[in-house]
Amino acid sequence: MILPVALTLLLQGAGAAAPPAASGAQLPVQLPVQLGVGVTSDTVTVGQRFVAIVRIRAPRGATIKFPTESDSAAAASPTATELIGKPVVQPVPDSTATTMTAAYRLAAWDVGPQRLGLGNVVVRLGGRTGYVSLADRGVFVRSVLPVDSALRVPKPPRPAIDLEPFDWLPLALLAAALVAAALAWRVWVWYRRRKDAPLDPFAAAEREFNRIEALRLTESGEGERHGTLMTDVLRDYLAARVPGIARSHTSSELLAAGEDIRGIAGGLGELLWRTDLIKFANARVAPDEAERLGSCARGIARAVESHFVEREKESAEKRAA
């Protein structure tokens with residue numbers, strides 16, 4: 001709450017730089033000025049911020065300048081009341097006088113009665129300058145400590161923290177084992193997928209040709225089986241590679257459906273006729289003839305594959321062009 005106080009402002013010449021001293025040699029001119037000072041709380045704690053509002057009412061036409069810094073005496077003391085930031089100055093509507101207020105943010109750093117530590121308010125009127133002192137304005141600061149700090153019982157000290165060295169070797173070995181297991185699993189998955197991936201028809205046929213030849217059936221007196229197995233591999237290849245040919249076709253149906261490769265697969269008709277005799281008439285063949293039948297089946301598969309690869313290459317070049 002701001003309590004107005006009627007003061008007598010001593011006016012002196014404009015060249016004066018400080019409040020005039022009481023002297024009988026100079027006749028001061030008396031001018032009524034009202035001062036009011038209030039704080040947000042009469043009692044604060046150490047470090048608590050509070051607001052002090054200073055109000056000045058001077059005759060109409062006067063100019064009022066509030067202090068923006070602490071006075072030199074307060075600034076020299078480390079425990080003096082601290083001025084925080086700049087004051088907020090606002091005029092107050094008044095038709096009969098000049099009235100202004102200034103709001104200061106402050107913080108006290110010592111206990112007991114403490115002065116605000118603000119400088120003088122400067123009032124100018126008619127070329128003369130006067131000063132309103134705020135030196136006697138203050139606030140009471142109470143301590144946050146108990147009345148008798150000796151009665152305060154501190155908490156017992158906490159036990160010391162004993163930092164024992166941690167053995168990271170088992171964790172490192174476990175992490176390495178997990179990484180190795182994950183890599184092994186990924187390699188196994190890749191191997192299974194690669195192993196189970198379907199081969200192209202010619203690669204599958206070549207693998208079967210090699211497997212049958214590794215059996216050495218002609219050397220063990222099974223030339224007929226060697227010839228029929230090699231021909232069956234050729235049938236599977238043609239059914240997968242040549243459009244129109246199916247695995248279930250008879251020899252005559254296969255030759256009719258393979259019109260496109262008849263000029264390439266030389267000896268295909270004779271091969272199918274000879275193997276049909278072995279399958280259905282129990283014809284016997286000599287070992288060298290069985291080898292010839294197997295070589296013929298393999299040669300036809302390679303010739304057909306070369307033909308299709310060349311044709312696909314030419315089609316790709318035409319599309320690129």
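See the structure printed just above.
Please read all numbers here as calculations on a predicted model, not as lab measurements.

## Structural notes on the pairing of strand β7 (residues 97-107)
Each regular strand shows side chains that alternate between the opposite faces of the sheet.
Okay, so step 1: The buried fraction of β7 amounts to nine of the eleven residues, a majority that puts the element mostly inside the structure.
Okay, so step 2: Pairing geometry for strand β4 (residues 49-59) and β7, over eleven bridges, is antiparallel. Considered in β7, the bridge of I56 is made with M100.
Okay, so step 3: Two strands pair when backbone bridges link them, and strand β6 (residues 82-92) and β7 are joined in this way by eight bridges, in the antiparallel orientation. Each bridged residue has a counterpart across the sheet, and for Q90 the counterpart in β7 is T101.
Okay, so step 4: The antiparallel hairpin formed by β6 and β7 contains four residues in its connecting segment.

## Overview of the nonpolar core
Okay, so step 1: Of all hydrophobic cores here, the largest spans 27 residues; its most connected members are F50, I56, F66 and Y104.
Okay, so step 2: Of all the secondary-structure elements, those providing two or more residues to this core are β2 (29-39), β4, β7, β9 (121-125) and β11 (138-142).
Okay, so step 3: Of the residues forming this core, the biggest block, five residues, is contributed by β4.
Okay, so step 4: Beyond its immediate sequence surroundings of up to four residues, I56 is in contact with V33, Q34, L35, I64, F66, T98, T99, M100, V121 and V132.
Okay, so step 5: Among the nonpolar cores identified, the runner-up in size contains 25 residues, and F209, Y237, A265 and L272 belong to it.

## A word on the sheet that holds strand β8 (residues 112-115)
Okay, so step 1: Strand order across the open sheet formed by three strands is β3-β11-β8, with mixed pairing between neighbours. The sheet is open, and its two edges are formed by β3 (43-45) and β8, each paired on a single side. Ignoring which end each strand starts from, the neighbouring axes of this sheet average 45° apart.
Okay, so step 2: Both β3 and β11 contribute to a ladder of three bridges, which runs parallel.

About the criteria used
Residues numbered from 1 in each chain as written. Predicted model: local features only at pLDDT ≥ 70, side-chain atom pairs only at ≥ 80, totals over all residues. Heavy atoms only, no water. Buried < 20%, exposed > 50% of the residue type's maximum accessible area, 1.4 Å probe, protein only. Helix = DSSP H or I, 4+ residues; strand = E, 2+ residues; numbered from the N terminus. Pairing = 2+ DSSP bridges. Core = buried A, V, L, I, M, F, W, Y, C linked by side-chain atoms within 4.5 Å. Contact = heavy atoms within 4.5 Å. Axes fitted to C-alpha atoms, helices over the stretch in contact; angles between N-to-C directions.

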